[in-house]
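The primary structure of each chain is shown beneath.
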Amino acid sequence: MVLLSISEVKEFMSKLLLSETFDSFLFIEGEIVTFNTFSISGRLQKDFFDKDMLLERNYSLWTDLREYCFSLIKGKRTPLRFKFIFGLSESNIKKLLEQQVLSFTPQDVQGLYLNISYDGTSLKCITGTSMNLFTLDKSLEEAWDKMIQKFFTQKKIEFEIM
């Protein structure tokens, strides 16, 4: 787990809400507090879809909810706070395991998460790892932490490790 403090909040928000930067992440859940508190579950309701449209994933992608979240946040006043939890897709978890030559299988990993939280003044991102088995091996957690830092650097997102 690593805590990243975002230096340029306005630039980060632009990348989060107005560009495709985070679109490939799964949207696990979110909460936006403006004039009301809006809680959003990213879990897909499989019964909503036609049988021929059933998706293999259990969660929406950020691209599916980005514009809706933007509509809740935009305006002259900044939100009081918000929190989004993103997850790495199963196919990207598999790629990470292969690229880093880690001993885990995709079935061992419940999820790799990126928690984004804004408290009205500062914006922080915290990585998280959840496993389906008990292990003292932190190699996947370390690889995930480094991957997020590399991703932010490639996307020109300025951060400080706390």
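Structural notes, computed from the coordinates. Fair warning: this is a prediction, and the values are worked out from it, not measured in the lab.

**Some details on the side chain of Arg-66**
Part 1 of the reasoning: Along the chain, Arg-66 turns up in helix α2 (residues 62-73).
Part 2 of the reasoning: Here the side chain of Arg-66 touches Asp-23 through a polar contact of 2.8 Å, side chain to side chain.
Part 3 of the reasoning: Setting aside anything within four residues of it in sequence, one finds Arg-66 in contact with Leu-16, Leu-17, Leu-18, Ser-19, Glu-20 and Asp-23.

**Notes on the state of the cysteines**
Part 1 of the reasoning: Going through the model one piece at a time under the given rule, you end up with zero disulfides.
Part 2 of the reasoning: Not part of a disulfide, Cys-69 finds its nearest cysteine sulfur in Cys-125, a span of 15 Å.
Part 3 of the reasoning: When its relative accessible area of 0% is taken as the criterion, Cys-69 is described as buried.

**Regarding the nonpolar core**
Part 1 of the reasoning: The biggest cluster of nonpolar side chains holds 41 residues, and the ones touching the most others in it are Phe-12, Leu-16, Phe-22, Phe-82, Phe-84, Phe-86 and Phe-152.
Part 2 of the reasoning: In terms of residues, this core owes the most to one element, helix α4 (residues 139-154), which gives six residues.
Part 3 of the reasoning: When residues no more than four places from it in sequence are discounted, the contact partners of Phe-12 are Ile-6, Phe-22, Ile-116, Leu-123, Cys-125, Phe-152 and Ile-157.

**Some points on unusual backbone geometry**
Part 1 of the reasoning: With phi around 50 degrees, Val-101 is a residue other than glycine that occupies positive phi space.
Part 2 of the reasoning: Residue position: Val-101 is located in the loop between α3 (90-99) and β6 (109-118).
Part 3 of the reasoning: A relative accessible area of 71% places Val-101 in the exposed class.
Part 4 of the reasoning: Unusually for a residue other than glycine, Lys-156 sits at a positive phi of about 60 degrees.

**Re the pattern of salt bridges**
Part 1 of the reasoning: Evaluated as defined, the whole model comprises three salt bridges.
Part 2 of the reasoning: Among the salt bridges present, the one from Lys-138 reaches Glu-141, with a minimum N-O distance of 3.9 Å.
Part 3 of the reasoning: Judged by its relative accessible area of 45%, Lys-138 is partly exposed.
Part 4 of the reasoning: Overall, the relative accessible area of 23% leaves Glu-141 in the partly exposed class.

**With respect to the pairing of strand β2 (residues 26-33)**
Part 1 of the reasoning: Summarising burial for β2: six of the eight residues are buried, a large majority.
Part 2 of the reasoning: Pairing of β2 with strand β4 (residues 60-61) involves two bridges; the strand directions are antiparallel. Bridging from a neighbouring strand, Phe-27 pairs with Ser-60 of β4.
Part 3 of the reasoning: Relative to strand β5 (residues 81-87), β2 runs antiparallel, the two sharing seven bridges.

Reading guide: rules and limits
Residues numbered from 1 in each chain as written. Predicted model: local features only at pLDDT ≥ 70, side-chain atom pairs only at ≥ 80, totals over all residues. Heavy atoms only, no water. Helix = DSSP H or I, 4+ residues; strand = E, 2+ residues; numbered from the N terminus. Polar contact = N/O pair within 3.5 Å; in protein donor to acceptor, adjacent residues only side chain to side chain. Contact = heavy atoms within 4.5 Å. Disulfide = S-S within 2.5 Å. Buried < 20%, exposed > 50% of the residue type's maximum accessible area, 1.4 Å probe, protein only. Core = buried A, V, L, I, M, F, W, Y, C linked by side-chain atoms within 4.5 Å. Salt bridge = Lys/Arg side-chain N within 4 Å of Asp/Glu carboxyl O. Pairing = 2+ DSSP bridges.

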